[in-house]
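# Coordinates in review
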Amino acid sequence: VRNYIDTVLSMPWHEKSEDNYDLEHAESVLNADHFGLEHVKERVIEFLAVRSLTQNLPDASGGNAILCLVGPPGVGKTSLGQSVARAMGREFVRVSLGGVRDEAEIRGHRRTYIGAYPGRIISALKNAGTTNPVVLLDEIDKLSSDYRGDPASALLEVLDPEQNAFFVDHFLDMPYDLSDVLFLTTSNQLSGIPLPLLDRLEVIEIGGYTEDEKIGIARNHLLPKQLEAHGLPEDSLQISDRMWTEILRGHTREAGVRNLERQIATLCRKAAHEIVRDDRRDEDEDGKVIRLTQKRLEDFLGPKRYGYDQQFGEAMIGVAIGLGKTSIGGEIIPVEVATMPGSGKLTITGQAGDVMRESAQAALSYARSRAEQLGIAPDFQEKIDIHIHLPEGATPKDGPSAGITMATALISAIARRPVDHSIAMTGEITLRGRVLPIGGLKEKTLAAHRNGIRTVIAPSENERDMIKIPEKVQKDMTFIWVENMDQVVNTTLLADDIELSLPDSAAAEDTTIDLPLEDAHPDLPADASFE
């Protein structure tokens, strides 16, 4: 009883912080805290503008949207909630939902239970001390459920602007008005959010950062933060634009900037060690300054972990470069196909999911149905076994967007025509060879750009998504929009370099044709020839 009375009396029933509707102030706060993310900032400013117009209208719901920030780790989703609260002059409370699997965590325990306590929503309001804080529900896609109920279902009432004015917590056992609370949610991917809950959210996708944006974030935010954390004076570590590029390309490969911050922290530790030991330093008028050079970068961070302008080798038969999207951003997915004498067996390895396996079957059926036009034997499957492999076999992969990549590699292996390795591709394939649209074009394009690939083949229907891709990346990239597989084959498969020359006397008994080694049977010696 005492705990219940303490909870009821400590709840903010009428305390409300005054909102700051100064749009210029909000813009300055958001720009100071975050580099880029222009569409997210624009949506927050629109929210403030609507609230400033409807603050005296009790039935207005234009400002009650529940925003869901979706994007890979390290792009600033959680910190954005703090910036929104600071821009609006509201209290900020973060509620982590990762691993929550009990409905009572949301609605609270009934007081008949020993050790009962209110749910996380009421506890967040109690900690905030106001009825209108900014509540960030972090990692909403990590919710799970068990025999104690489904917490995602309990959130349906909390995140519904039409219902949450009378939210009842089991412990509190009386209605509490949540309509003034600004709920923000974050998620790495939409697939983990139940559809009824997703229907109540306004999704704002945050893709990965471009190289220029990462340099701006590192110089203006991450480096000053780490210098202060390591007790180093301002400007004691000087990094030029060229060295920032070296750090990004050689030591990080991610959609966000979390690993970049770790590398900057390592540089600051090494710089502090060098300054304290009075080793290899420059004495300036302002004191001790460490200027990062190529040699120092290698000493501080070690050899490069990643190679920029990644070379996948020369054009090879049976190897095509695809593009995929994961919860941490876009990535390169090479597809390898090998053929060997056999009876038509199809093997797929590399942790491919069910959808990707079906795409491989569709690619094979397309190749068989178009054998004559592709210049391959109609009965090729009766004589060979086909093995499709996706490298980095420990990483699960799934989705239909690798369809045209697998079809290209498959046709290349059967027709013995190499694939142009300066091109990456993405698209779903049908049995008739149509190329269907895909999702995540921005993330996939940024992945190709990070890996030094400057030409991308994508479905023509995805041309409308070009507006999401940063202008600088668009200028660097060449996009080839395709509607069917024939266009993909004509673009990616290089001409067959094998030239067969017959002697004038075609009726001669012994006719020798010299073939390159790679087109001979692998068991034959290097100097073998077919007679």
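Scope of this entry: the structure provided in the associated data block. Quantities reported herein were computed from a predicted structural model and do not represent experimental measurements. In this numbering scheme, every chain counts its residues from 1 along its sequence in written order. Two thresholds apply to this predicted model, a pLDDT of at least 70 for residue-level local features and 80 or more for giving and counting side-chain atom pairs, whereas whole-chain, interface and lining totals are computed over all residues. The side-chain quantities take in all heavy atoms of the structure and omit both hydrogens and water.

### Some words on the overall build of the protein
Helix and strand assignments follow DSSP, with helices taken as H or I runs no shorter than four residues and strands as E runs no shorter than two, numbered in order from the N terminus. In terms of regular secondary structure, the protein is built from 19 helices and 21 strands. In this scheme, a residue with accessible area under 20% of its type's maximum is buried, one over 50% is exposed, and one in between is partly exposed, where area comes from a 1.4 Å probe on protein chains only. Sorting the 531 residues of the protein into buried and exposed places 48% on the buried side. Pairs at least 24 apart in sequence give 74% of the contacts found in the protein among residues at least 6 apart. Accessibility throughout is a Shrake-Rupley quantity obtained with a 1.4 Å probe, and a residue counts as covered only by protein chains that appear here. Split by element, the accessible area of the protein, about 26,700 Å² in all, is 48% carbon and sulfur. Contacts: residue pairs with any heavy atoms within 4.5 Å of one another.

### Observations regarding the environment of Arg 454
Along the chain, the position of Arg 454 falls in the loop between helix H17 (441-450) and strand E20 (455-459). Whenever two N or O atoms come within 3.5 Å, that pair is a polar contact, provided that in protein one can donate a hydrogen and the other can accept it, and provided that, for residues adjacent in sequence, both atoms are side-chain atoms. A polar contact is formed between the side chain of Arg 454 and the backbone oxygen of His 449, at a distance of 3.1 Å.

### Let's talk about the sheet that holds strand E2 (residues 92-96)
For two strands to be treated as a pair, DSSP must find at least two bridges joining them. Here we have five strands laid out as an open sheet, ordered E2-E3-E6-E1-E7, and parallel in their pairing. In this open sheet, the two edge strands, each paired with only one partner strand, are E2 and strand E7 (202-205). Strand-to-strand twist in this sheet, taken as the mean axis angle between neighbours without regard to direction, amounts to 25°. Two elements, strand E1 (residues 67-70) and E7, share four bridges in a ladder whose sense is parallel. By the bridge assignment for E7, Val 70 is matched with Glu 205. A fitted line through C-alpha atoms serves as each axis, taken over the contacting stretch for helices, and the angle formed by two N-to-C directions is quoted from 0 to 180°.

### Section: a nonpolar patch on the surface
The residues that make up patches have over 30% relative accessible area and no salt bridge, and they are joined within 9 Å when like-charged or within 5 Å when they are Val, Leu, Ile, Met, Phe, Trp or Tyr. In what follows, salt bridge is the name for a side-chain nitrogen of Lys or Arg lying within 4 Å of a carboxyl oxygen of Asp or Glu. Judged by side-chain polarity, Val 1, Ile 5 and Leu 9 come together as a nonpolar surface patch covering roughly 360 Å² of accessible area. Mapped onto the secondary structure, Ile 5 falls in helix H1 (residues 2-10). Classification of Ile 5 as partly exposed rests on a relative accessible area of 42%.

### Regarding the packing of helix H9 (residues 211-229) against helix H10 (residues 241-251)
Interhelical geometry of H9 versus H10 gives an angle of 110° and a closest axis separation of 10 Å. One finds that H9 runs roughly perpendicular with respect to H10. Two secondary-structure elements touch here, H9 through Glu 211, Lys 214, Ile 215, Ala 218, Arg 219 and Leu 223 and H10 through Asp 241, Trp 244, Thr 245, Leu 248 and Arg 249. Under this grouping Gly is polar, as are all residues other than the nonpolar Ala, Val, Leu, Ile, Met, Phe, Trp, Tyr, Cys and Pro and the charged Asp, Glu, Lys and Arg. The residue makeup of the contact of H9 with H10, split by class, is five nonpolar, one polar and five charged. For this classification, under 35 degrees means roughly parallel, over 145 means roughly antiparallel, 65 to 115 means roughly perpendicular, and everything else is oblique.

### Quick look at the pattern of salt bridges
Under the definition given, this model contains 20 salt bridges. Where Lys 16 meets Asp 180, a salt bridge forms, and the shortest distance between an N and an O atom there is 3.0 Å. Of this pair, Lys 16 sits in the loop between H1 and helix H2 (23-33) while Asp 180 sits in the loop between strand E5 (175-176) and strand E6 (182-187), and the two are 164 residues apart along the sequence. Residue class for Asp 180 comes out partly exposed when judged on its relative accessible area of 21%. Here Asp 138 ties to Arg 94 by a salt bridge, and the two come within 2.9 Å at their closest N and O atoms.

### What to know about the environment of Arg 249
Along the polypeptide, Arg 249 turns up in helix H10. When its relative accessible area of 29% is taken as the criterion, Arg 249 is described as partly exposed. Separated by 56 residues in sequence, Arg 249 and Arg 305 place their C-alpha atoms 8.9 Å apart.

### Points about helix H3 (residues 38-54)
When the terminal C-alpha atoms of H3 are compared, their 24 Å separation across 17 residues agrees well with the 24 Å that a helix rising 1.5 Å per residue should span. Taken together, the buried positions of H3 are Val 40, Lys 41, Arg 43, Val 44, Ile 45, Phe 47, Leu 48, Arg 51 and Thr 54. Residues of H3 that are buried in the fold lie against H2, E1, helix H4 (77-88), E6 and E7. Each helix should span, by expectation, one fewer than its residue count multiplied by 1.5 Å.

### Some remarks on the nonpolar core
Within soluble globular proteins, side chains that are nonpolar generally end up buried alongside one another. Only buried residues count toward a nonpolar core. Its members are Ala, Val, Leu, Ile, Met, Phe, Trp, Tyr and Cys residues joined through side-chain atoms within 4.5 Å. Within the largest apolar cluster, 50 residues are counted, with the highest numbers of intra-cluster contacts made by Leu 237, Ile 239 and Leu 267. Per element, the largest residue contribution to this core is seven residues, and it comes from helix H11 (residues 258-276). The residues contacting Ile 239, other than those within four sequence positions of it, are Leu 223, Trp 244, Ile 247, Leu 267 and Leu 292. Grouped together as the second largest cluster of nonpolar side chains are 40 residues, Val 335, Leu 390, Ile 404 and Val 435 included.

### Overview of the side chain of Lys 444
Relative to the elements of secondary structure, Lys 444 occurs in helix H17. We score Asp and Glu as negative and Lys and Arg as positive, and we do not count His or the chain ends. An unpaired buried charge is present at Lys 444: no salt bridge exists, and Glu 443, the closest side chain of opposite charge, is 8.1 Å distant. Those residues in contact with Lys 444, other than ones at most four positions away along the chain, are Leu 323, Gly 324, Lys 325, Gly 330, Ser 401, Thr 426, Ile 438 and Gly 439.

### Notes on the pairing of strand E21 (residues 478-482)
The two faces of a sheet get side chains in turn, since along a regular strand they alternate between them. Pairing between E20 and E21: five bridges, direction parallel. By the bridge assignment for E21, Ala 458 is matched with Trp 481. Every crossover in which the path from the first strand over the helix to the second runs clockwise, viewed with the strands pointing away from the viewer, is termed right-handed. Note on the crossover from E20 through helix H18 (residues 471-476) to E21: the handedness is right-handed.

### Considering the packing of aromatic side chains
Classification of ring pairs uses Phe, Tyr and Trp, with its six-membered ring standing for Trp, and accepts pairs whose centres are within 6.5 Å; under 30 degrees between planes counts as stacked, over 60 as edge-to-face, and the remaining range as tilted. All chains considered together, the criterion is met by three aromatic pairs. Geometrically, the ring pair formed by Trp 13 and Tyr 176 is tilted, given 5.2 Å between the ring centres and 55° between the ring planes. Taken together, the positions of Trp 13 in the loop between H1 and H2 and Tyr 176 in strand E5 put the pair 163 residues apart, joining distant regions of the chain. On the basis of relative accessibility, which here comes to 32%, the residue Trp 13 falls in the partly exposed class. An angle of 5° between the planes, with centres 5.4 Å apart, marks the rings of Phe 479 and Trp 481 as stacked. Accessibility expressed as a relative area gives 21% for Trp 481, which makes it partly exposed. Counting as a charge over the ring demands two things of the Lys NZ or Arg CZ atom: a distance within 6 Å of the ring centre and an angle within 35 degrees of the ring normal. Cation over ring: Arg 111 sits above Tyr 4, and NZ or CZ is 4.0 Å from the ring centre.

Function cannot be inferred from these measures alone, as they are strictly geometric.
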